[in-house]
Each structure stands twice: as structure tokens, then as C-alpha cells.
Amino acid sequence: MFRNIPDIAFGAKTIVRIHDIDAITFNYKCFLKKAQMTNTICGAVLKADVHGLGMEKVAPALYEIGCRYFFVEELSEGIELRQILPFSDAFVFAMAGLLNGEERYFDCYNVIPCLNCIEQIKRWNSYCETYSRGKAVIHLDTHMNRIGLLDEEVDILANNYDLLTSNFDVCFYMSHFYDIKGDDFTHCNEQLEVLYSYLNKLPQNKVSFACTDSTILLDNNVFNFDIIRIGIGLVGGAPNKSHPISKDAKGALEVYAKISQIKKISKGETIGYGGAYTAKRDMKIALVHIGYKDGYLRSLSETDEKSVGVYMYIGGYKIPIVGKISLGLTTVDVTDVPNSILDEFKYVEVIGPNVDIKELADLAGCYEILASVGRKNSKCVDYTLDEFNTLY
């Protein structure tokens, strides 16, 4: 299916984005089934405005179907989410930690900090002693060497646990995988061993370790623990295209962009900045009005030196990208598209039913493209799928 987007839907904008909120709740339920099999809480990670899908629509929909644990990156996201979900049984956790001077804001907005070092633990404990007993999560760095307590700080915490946490309740411990995209899970198992070594030193508590990829790829009985945190899986993402959470899992974002200036070029001519792509045949090309300033990553460019294989879609035809993606434009090869199709449709599908976001992420290396394409942009007009279907 190639979605019909009438001109009026674009209005004065260049890009149409359609957010399928029902797809997000469907995908959540797929993970919830896996969580229920291990008696595990299924939490939702809503950072980066749910990869551009919008917390204001997504969070209430997830709350309505029973989700109660919500994770964001920064305190500012937590404040925004708390205003959307003011309910006492909705727990909001900010994973970036307790940065300097943020204590009273965490307290005021009832956002729970994930404490990532001894200094943060001490500062939160001191604040809670002065004002009121609080809550926190303790983040354990299982040798990702990024955020959280490493070996030495875990020992300090274990040896001084009662003192360091005397004025707040630890909701659970958490950690995070760093290498789970392929078929070799050696690092995951090594992290699990490190986690167990930490847990053996600390008072017993709930644990959150698993995320989208581990829930799909790893033994849930071993890795799910007490709370799973589902992020990219909510919007249809997966470790790779061949491993979705379910064959029925749905992409939650569609992106369409206008095209212009269909032109013919001869074999041997170059296309775009730097003459980076050389035509392998006589070609017909079109300009798509989306570029890297709109979040369409320049790393997806197709050049003579680097073949990526990214394509867009129009009226039943895949149209490969050719040349470097520029600030606001991307060139596509429409040689094999009949003129009747090009006359009928003045836009292309950038992401959607025919351009799987999982495949784009495989080609780009990660889901950076979702956070990029989904962010606020004055060139875009946004609809939920329900809104679009009602209007058009």
C-alpha cells in the first residue's frame, strides 16, 4: 500500500509525518506478554519525545492500557511527563541522573532520579534528610564504562549502604547492555556476571536490566529480572529487521516528502556535492525535499566510494538514493518509475509501510534516524493516524 496524501494535507509544508499511537500500544502489549511470562513489570522508555512520536499522545495511551513505569533521559523530560501524567501510581524515572542543583526539582515534580555515582547518592541523601524522605534508583555500570557505579563505587556503596541511603528508599537497581545487535552474546553474559557480583554485595532489591533488544534476543528467564524497559520497540524497532518482537509488530511513524525537478542525466555524469556519485547509466532523477537538517542522516548517502542501499518509495516502486544527502534535499533515482506514476504522485514515502524503519536502522547502524527525523521541524505537518484518517 502506498498511502494517498492529498495536497491539502501538506498545506504550505514540505513534509507530512503520521504518528500511529495504536501501533505503539499494540507493540507495548507484545512486550507485556513476554514480561508476564516471567512475572516482570513492563516499563516504557519515552526519552527523546518517544523518538519524535510525542509524549503528550503516547504517555496517556500507555497509561490507559496499564503501564505504570515510565523512563526518560533528563529531568526536563521528566517534568514534562509528570505534567502529562500527574497520577500518583505513575512512576517517572530520569536515567541521566541527579545533576548539580536539580534536587528540589526532582522533589517538587515527583520525578525519581536514577543515581549514577556516589557523589549523587550523597547529595540526594543529604537533600532528603533536610526536606523529606525520597526515592531513587541506583544505576550499576556493568562495565559499559558509561553511566553508573563501577566496581570501586559499588564497594563503597556496599560497605556504607545504610548510611548512604538513610534518607531515601531505593526502588530498584538498574543496568544497561552495550553490545546486543548481533548473534554473539558474549558481552551480555559477561555483563550478567558483573551484575551478579554487584548484587551479591548489595542488599536484596528489584533489578531492571533488560530492554528492547535483550527481551527479543536473550533468555527472558535469565535476563528479564523484575522490570524490563522498552524503548525503541514501542515504535516498531528491533535489534534488526529479521528479529521483530512479533511478526505483527507495527511501525509507528510514517514520513512523506514532496518531490520536484525530475530531470535526465547521462551515463558518466556526477550527482550532488563533490560529484560523489557517478551515473552508471542514463538516468532520470528527482529531488526529494528532505535533507540532513530535517534529520535525514547524511550517513545514508550513496556514493561511488560507499554503497549503503537506502531507498524511498513511490507508487509501487523503490527509488534508490543517489549522491550525497544535502541540507534540505535528497536525490533519488526514478529511472524505472513510469511517467504516469511521477505525474500522479508529487511526494515519496521516506519511512513507512514500504520503507521499514528496522531496515533503515540496520543500514544506518542505529535508530538515530528516528530521533532525528522525528524532532520538531517547521517544515513538517504532524498528524496522528486517527486524525489523518478523519480529515482525509
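The structure presented is a predicted model; accordingly, all values stated were derived computationally and were not measured. (Residues numbered from 1 in each chain as written. Predicted model: local features only at pLDDT ≥ 70, side-chain atom pairs only at ≥ 80, totals over all residues. Heavy atoms only, no water.)

**Side note on the environment of alanine 35**
Of note, alanine 35 is situated in helix α2 (residues 21-37). Note on alanine 35: relative accessible area 0%, which makes it buried. Sequence separation between alanine 35 and tyrosine 311 is 276 residues; the distance between their C-alpha atoms is 35 Å. Residue contacts for alanine 35: discarding those within four places in its chain leaves Thr40, Ile41, Cys42, Asn224 and Ile228. (Helix = DSSP H or I, 4+ residues; strand = E, 2+ residues; numbered from the N terminus. Buried < 20%, exposed > 50% of the residue type's maximum accessible area, 1.4 Å probe, protein only. Contact = heavy atoms within 4.5 Å.)

**Some thoughts on the nonpolar core**
In this structure, Leu46, Leu62, Phe70, Tyr296, Met312 and Ile314 are the most contacted members of the largest nonpolar core, which totals 124 residues. Considering each element in turn, this core owes the most residues, seven residues, to α2. When near neighbours in sequence (up to four residues on either side) are disregarded, leucine 62 contacts Ile24, Thr25, Tyr28, Ala44, Leu46, Cys67, Phe70 and Leu234. Formed by eleven residues, the second largest nonpolar core is a distinct cluster that contains Phe93, Ile112, Cys114 and Ile227. (Core = buried A, V, L, I, M, F, W, Y, C linked by side-chain atoms within 4.5 Å.)

**What about the pattern of salt bridges?**
Counting across every chain of the model gives 17 salt bridges. For aspartate 336, the salt bridge identified is with arginine 281, shortest N-O distance 3.3 Å. With aspartate 336 in the loop between β16 (330-333) and α13 (339-344) and arginine 281 in the loop between β12 (277-278) and β13 (283-288), the pair connects residues that are 55 residues apart, well separated along the chain. The exposure class assigned to arginine 281 is partly exposed, which follows from its relative accessible area of 34%. Through salt bridges with shared partners, a single ionic network connects Glu103, Glu119 and Arg123. (Salt bridge = Lys/Arg side-chain N within 4 Å of Asp/Glu carboxyl O.)

**Things to note about the packing of α2 against helix α4 (residues 55-64)**
Here α2 crosses α4 at 40°, and the two axes come no closer than 10 Å. The pairing of α2 with α4 is recorded here as oblique in orientation. For α2 against α4, the interelement crossing comes out right-handed. For the pair formed by α2 and α4, the contact residues are Ile21, Ile24, Thr25 and Tyr28 on the first element and Lys57, Val58, Ala61 and Leu62 on the second. Of the residues belonging to the contact of α2 with α4, the class tally is six nonpolar, one polar and one charged. (Axes fitted to C-alpha atoms, helices over the stretch in contact; angles between N-to-C directions. Parallel < 35°, antiparallel > 145°, perpendicular 65-115°, else oblique. Left-handed = near helix turned anticlockwise from the far one by under 90°. Nonpolar A, V, L, I, M, F, W, Y, C, P; charged D, E, K, R; others polar.)

**Here we look at the packing of aromatic side chains**
Per the stated rule, a full pass over the model turns up 23 aromatic pairs. Taking 4.0 Å as the distance between ring centres and 20° as the angle between the ring planes, the aromatic pair formed by phenylalanine 177 and phenylalanine 209 counts as stacked. Placement of phenylalanine 177 in the loop between β7 (168-174) and α10 (186-199) and of phenylalanine 209 in the loop between β8 (207-208) and α11 (212-217) is noted, with a sequence separation of 32 residues between them. With a relative accessible area of 4%, phenylalanine 177 lands in the buried category. (Phe/Tyr/Trp six-rings, centres within 6.5 Å; stacked < 30°, edge-to-face > 60°.)

**Brief notes about helix α5 (residues 75-84)**
Where α5 is concerned, the buried positions are Leu75, Glu77, Gly78, Ile79, Leu81 and Arg82. Elements in contact with the buried residues of α5: α3 (47-51), α4, β3 (69-72), β4 (91-94) and α6 (103-108).

**Observations regarding a nonpolar patch on the surface**
A cluster of nonpolar side chains, namely Ile8, Leu391 and Tyr392, defines an oily patch on the protein surface of about 330 Å² accessible area. Examined against the element boundaries, leucine 391 turns out to sit in helix α16 (residues 385-391). For leucine 391, a relative accessible area of 55% corresponds to the exposed category. (Patch = residues over 30% accessible without salt bridge, like charges linked within 9 Å, V, L, I, M, F, W, Y side chains within 5 Å. Areas by Shrake-Rupley, 256 points an atom, 1.4 Å probe, with all protein chains shown as cover.)

**Side note on unusual backbone geometry**
Located in the positive-phi region is asparagine 39, a residue other than glycine, with phi close to 55°. Locating asparagine 39 in the fold gives a position in the loop between α2 and β2 (41-45). A positive phi angle, close to 55°, is found at aspartate 49, a residue other than glycine. You can see aspartate 49 is positioned in helix α3.

**Observations concerning the side chain of serine 372**
Note that serine 372 resides in helix α15 (residues 368-373). Once residues lying within four places of it in the same chain are set aside, the contact partners of serine 372 are Asp294, Gly295 and Leu297.

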